[in-house]
Amino acid sequence: MAIDLGTVNTVVHVRDRGIVLNEPSVIALETVDGVRRVKVVGDEAKLMMGKTPANIQAMRPLRDGVIADIEVAEQMIKHFIQKALGHRRFARGRRVVICVPSGATMVERRAIRDAASNAGARVVQLIEEPMAAAIGAGMPVTEPRGAMVVDIGGGTTEVAVLSLQGIAYSASVRVGGDRMDETIASHVRRAHNLMIGEITAERVKHGIGAATMPAGEGRRMTVKGRHLVTGRPSEIEITEAEVAEALIEPVGQIRSAVMAALENTAPELSADIIDEGITLTGGGALLSRLDQAVAETTGLPVKVAENALFCVALGAGAALENPIYNGALYSS
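Note that this is a predicted model, so its numbers are computed, not measured.

**Quick look at helix H8 (residues 248-263)**
- Under the 1.5 Å per step criterion, the end-to-end length of H8 is 22 Å for 16 residues, consistent within 8% with the ideal 22 Å.
- Of the positions making up H8, those classed as buried are Pro250, Val251, Ile254, Ala257, Val258, Ala261 and Leu262. The buried residues of H8 occupy an angular sector of 140° when projected down its axis, which confines them to one face. Summarising the geometry of H8, the exposed residues directed more than 90 degrees from the buried face are Ile248, Glu249 and Glu263.

**Remarks on the layout of surface pockets**
- The space that makes up the largest pocket amounts to roughly 670 Å³.
- Residue assignment for the lining of the largest pocket shows that the elements contributing at least two residues are strand S1 (2-5), strand S2 (9-14), strand S11 (147-152), helix H5 (177-192) and helix H6 (198-208).
- Of all the elements, H6 adds the most residues to the lining of the largest pocket, at five residues.
- Residues belonging to the lining of the largest pocket are distributed by class as follows: twelve nonpolar, 15 polar and eight charged.
- Volume-wise, the second largest pocket comes out at about 270 Å³.
- Around the second largest pocket, the lining residues are Lys46, Leu47, Met49, Gly50, Lys51, Ala58, Gly197, Glu198, Ile199, Thr200 and Arg203.
- Counting residues per element, the ones that place at least two in the lining of the second largest pocket are helix H1 (43-48) and H6.
- Counting residues per element, the lining of the second largest pocket draws most heavily on H6, at four residues.

**Topic: the environment of Val124**
- Examined against the element boundaries, Val124 turns out to sit in strand S10 (residues 123-128).
- The spacing of Val124 and Ala210 is 86 residues in sequence and 38 Å in space, taken between C-alpha atoms.
- When neighbours within four sequence positions are excluded, Val124 is seen to be in contact with Val96, Ile98, Arg113, Ala116, Ser117 and Ser331.

Basis of the calculations
- Residues numbered from 1 in each chain as written.
- Predicted model: local features only at pLDDT ≥ 70, side-chain atom pairs only at ≥ 80, totals over all residues.
- Heavy atoms only, no water.
- Helix = DSSP H or I, 4+ residues; strand = E, 2+ residues; numbered from the N terminus.
- Expected span 1.5 Å × (residues − 1).
- Buried < 20%, exposed > 50% of the residue type's maximum accessible area, 1.4 Å probe, protein only.
- Arc of directions from axis to C-beta.
- 1 Å grid on protein atoms, 1.4 Å probe; cavity = no way out; pocket = protein on both sides within 12 Å on 5 of 7 lines; lining within 4 Å.
- Points joined across faces, edges and corners; volume = space filled by probe spheres on them.
- Nonpolar A, V, L, I, M, F, W, Y, C, P; charged D, E, K, R; others polar.
- Contact = heavy atoms within 4.5 Å.

Here's what the structure looks like:
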């Protein structure tokens with residue numbers, strides 16, 4: 001079993017079955033007589049965010065790609081494993097591969113391993129997210145050729161140059177889909193005196209979000225929230241141009257991270273990247289015209305991987321099943 005434990009979504013890949021689960025990394029806890037217990041996890045828990053009574057808390061146990069609350073994360077992982085297996089029994093000897101950000105500290109990696117072990121796995125191996133993303137995108141990671149991947153997740157953006165199943169250069173910047181949502185919500189609050197929640201901001205990003213300015217105002221979308229002056233529910237109409245302007249900062253950080261990686265890449269690997277180009281993976285890669293923005297900055301061909309959202313989980317699953325990728329896995 002391979003698990004892409006993301007800040008926003010958790011994707012589970014099971015041997016011989018492929019992707020079997022893709023749900024939000026959200027858990028709802030209910031307090032009854034002073035005791036917290038799990039109420040729902042995943043899709044149902046996400047629907048509760050920002051709408052819970054005092055005795056229920058909907059939360060994300062991961063922040064910036066790593067575990068913030070290990071006990072809650074264990075419960076969430078256990079639920080996802082059970083749901084992925086269905087009626088099948090989870091064998092204590094089952095081998096689990098979990099993806100970790102390249103910038104995660106040893107303490108953060110230990111927390112991820114412990115959470116999976118406590119959820120029932122006996123053998124837990126880790127794989128760097130950019131390596132898993134490159135494998136999932138079908139890039140030539142086992143060959144003596146340089147390849148660059150940019151994996152844009154919910155909490156982090158991973159930029160890496162890969163060759164011979166190793167990472168020649170990697171950088172992890174804590175900007176991703178969550179930062180984009182926060183930036184959109186902040187812009188709506190400043191420009192329109194309207195307070196919106198993170199679910200609404202995410203919907204705006206998916207609906208009319210763009211990495212570069214459109215011709216004119218572009219697409220339009222109605223947004224609902226609470227007016228800060230009157231305190232009453234209100235709705236406004238915002239444009240694609242507004243959202244693109246709001247996203248200049250997070251998109252700029254991604255561009256800067258890519259340029260920093262190119263500046264620190266060995267000359268022979270740089271020559272290969274000219275031919276191979278840059279591959280974007282992760283949910284953030286689906287932001288409209290992000291590939292164009294990176295191409296303008298670097299002057300290199302840029303493409304969005306097929307199945308960008310699932311590349312990390314597919315790559316981790318391939319590393320689990322195919323011995324050719326064993327060099328990409330490690331246990332500590």
